[in-house]
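Chain by chain, the residues:
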Amino acid sequence: GATVAGGNQKIQYLLDVSQTDSKGIPIALPPNNQKNGFHSFSETSTISITPSSTTDIELFTKYQRTLAGYDDVPMSAPYFPVDSNWFVQTRETTLGAKLNQSLLSDLWKVEVSASANKIARYYPFDYTRFYEGKNEKYSWLNTVALTKDHVLTLGVENTYEQAENSSFTSHHANITGIF
């Protein structure tokens, strides 16, 4: 993997990329010598912009792709194909943004954020089997310093979640919290 990070007082950035590969993960010792494998690639990036001493804006992304392959699976097991090359593919993507604002000489701090996440899992040997999940989140948070040791926090948060897979139709939930 590799990471690049840097910046100055106004702009900071980070990019992290990594990959993991493994071939021949044995489930059973010889003489079976199963030929399983695993591959994962991930990317994380963040950029922070500080236009003033009281304002900070952060944008972030994350992407991950994972493949897990299983060879020589027992063909008598349920849901295994006739072909011994069976694998699962998962992809996950997250995007988000956050604004931090400090007001009244740091006595009042405001945070506004939004993010979206999607995860998809596919079983390529059987295109009828899958899972997809989505999550969207929005929040507005206010923190007021009452004294040196006491703060008051007020805010609203909303999360929308949706999931669908080959076993059930789309289900969703919308959750709002006031605190």
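So, how was this worked out
- The residue numbers shown here count from 1 along each chain, following its written sequence.
- Residues qualify for local features only when their pLDDT is at least 70, as the model is predicted, and side-chain atom pairs are given and counted only at 80 or more; totals for whole chains, interfaces and linings, by contrast, use all residues.
- In computing side-chain values, all of the structure's heavy atoms are included and hydrogens and water are not.
- The numbering of helices and of strands both runs from the N terminus, where a helix is a DSSP run of H or I of at least 4 residues and a strand a run of E of at least 2.
- Residues count as neighbours in contact if any of their non-hydrogen atoms are within 4.5 Å of one another.
- Within 3.5 Å is the distance limit for a polar contact, defined as a pair of N or O atoms, with the added protein rule that one can donate a hydrogen and the other accept it, and that residues adjacent in sequence qualify only through two side-chain atoms.
- Ring pairs are drawn from Phe, Tyr and Trp, using the six-membered ring of Trp, whenever the two centres fall within 6.5 Å, and their geometry is named by plane angle: stacked under 30 degrees, edge-to-face over 60, tilted for the rest.
- Relative accessibility thresholds used throughout: buried, under 20% of the residue-type maximum; exposed, over 50%; partly exposed, between the two (1.4 Å probe, protein chains only).
- One number per residue, pLDDT, summarises how confident the predictor is, and it ranges from 0 to 100.
- Between any two strands, at least two bridges found by DSSP are needed for them to pair.
- Exposure above 30% relative accessible area and the lack of any salt bridge qualify a residue for a patch; like charges then connect within 9 Å, and the nonpolar side chains Val, Leu, Ile, Met, Phe, Trp and Tyr within 5 Å.
- Only the protein chains shown count as cover for residues, and all accessible areas are computed by the Shrake-Rupley method using a 1.4 Å probe.
- A carboxyl oxygen of Asp or Glu within 4 Å of a side-chain nitrogen of Lys or Arg is what we treat as a salt bridge.

## Description of the environment of Glu161
As for its position among the elements, Glu161 is in strand β8 (residues 151-165). In this structure, Glu161 is in contact with Lys134, Asn135, His171, His172 and Ala173, ignoring residues within four places of it in sequence. Here Asn135 takes part through its side chain, which lies 3.3 Å from a polar atom of the side chain of Glu161.

## Focus on the packing of aromatic side chains
For the structure on display, the rule yields one aromatic pair. Their ring planes at 55° and their centres at 6.5 Å tell us that Phe41 and Tyr63 sit as a pair that is tilted. Remark: Tyr63 occurs in strand β4 (residues 55-70) and Phe41 occurs in strand β3 (residues 36-52); sequence separation between them is 22 residues. Take Phe41: its relative accessible area is 22%, and that puts it in the partly exposed class.

## Considerations on the confidence of the model for the protein
Across the protein, the average pLDDT comes to 84, with 79% of residues at or above 70. In the model of the protein, strand β2 (residues 11-25) stands out as the element of lowest mean pLDDT, 85, in contrast to strand β1 (residues 2-7), which has the highest, 96. Across residues 73-84, where pLDDT falls below 50, the model places 15 contacts with residues more than four positions away in sequence or in other chains.

## Quick notes on the pairing of β8
Relative to β8, strand β7 (residues 130-145) runs antiparallel, the two sharing 15 bridges. Within β8, the residue paired with Lys134 across the bridge is Gln162. Counted between consecutive antiparallel strands, the loop separating β7 from β8 contains five residues. Examined bridge by bridge, β8 and strand β9 (residues 168-178) share nine bridges and lie antiparallel to one another. Paired with Tyr160 across the bridge in β9 is Asn174. Counted between consecutive antiparallel strands, the loop separating β8 from β9 contains two residues.

## So, the side chain of Thr90
Within the secondary structure layout, Thr90 lies in strand β5 (residues 86-103). Overall, the relative accessible area of 17% leaves Thr90 in the buried class. Excluding anything up to four places from it in sequence, Thr90 contacts Gln64, Arg65, Thr66, Ile119, Ala120 and Arg121.

## A word on a nonpolar patch on the surface
Among the surface-exposed residues, Val4, Ile11, Tyr13, Leu15, Val17, Ile47, Ile49 and Leu59 lie close enough to one another that they form a single nonpolar patch of about 590 Å² accessible area. Every element with two or more residues in the nonpolar patch is listed here: β2 and β3. Per-element tally for the nonpolar patch: the top contributor is β2, with four residues. Mapped onto the elements of the fold, Leu15 is located in strand β2.

## Concerning unusual backbone geometry
What is expected of a backbone is that most residues other than glycine have negative phi and most peptide bonds are trans. You will see that Leu104, though not glycine, has its phi angle at about 50°, which is positive. When you line up the elements, Leu104 lands in the loop between β5 and β6 (108-122). Judged by its relative accessible area of 60%, Leu104 is exposed. For Asp106, which is not a glycine, the phi torsion comes out positive at approximately 70°. With respect to the helices and strands, Asp106 occurs in the loop between β5 and β6.

## Thoughts on the pattern of salt bridges
As enumerated under the stated definition, the model contains one salt bridge in all. Among the salt bridges present, the one from Lys137 reaches Glu157, with a minimum N-O distance of 3.7 Å. Of this pair, Lys137 sits in strand β7 while Glu157 sits in strand β8, and the two are 20 residues apart along the sequence.

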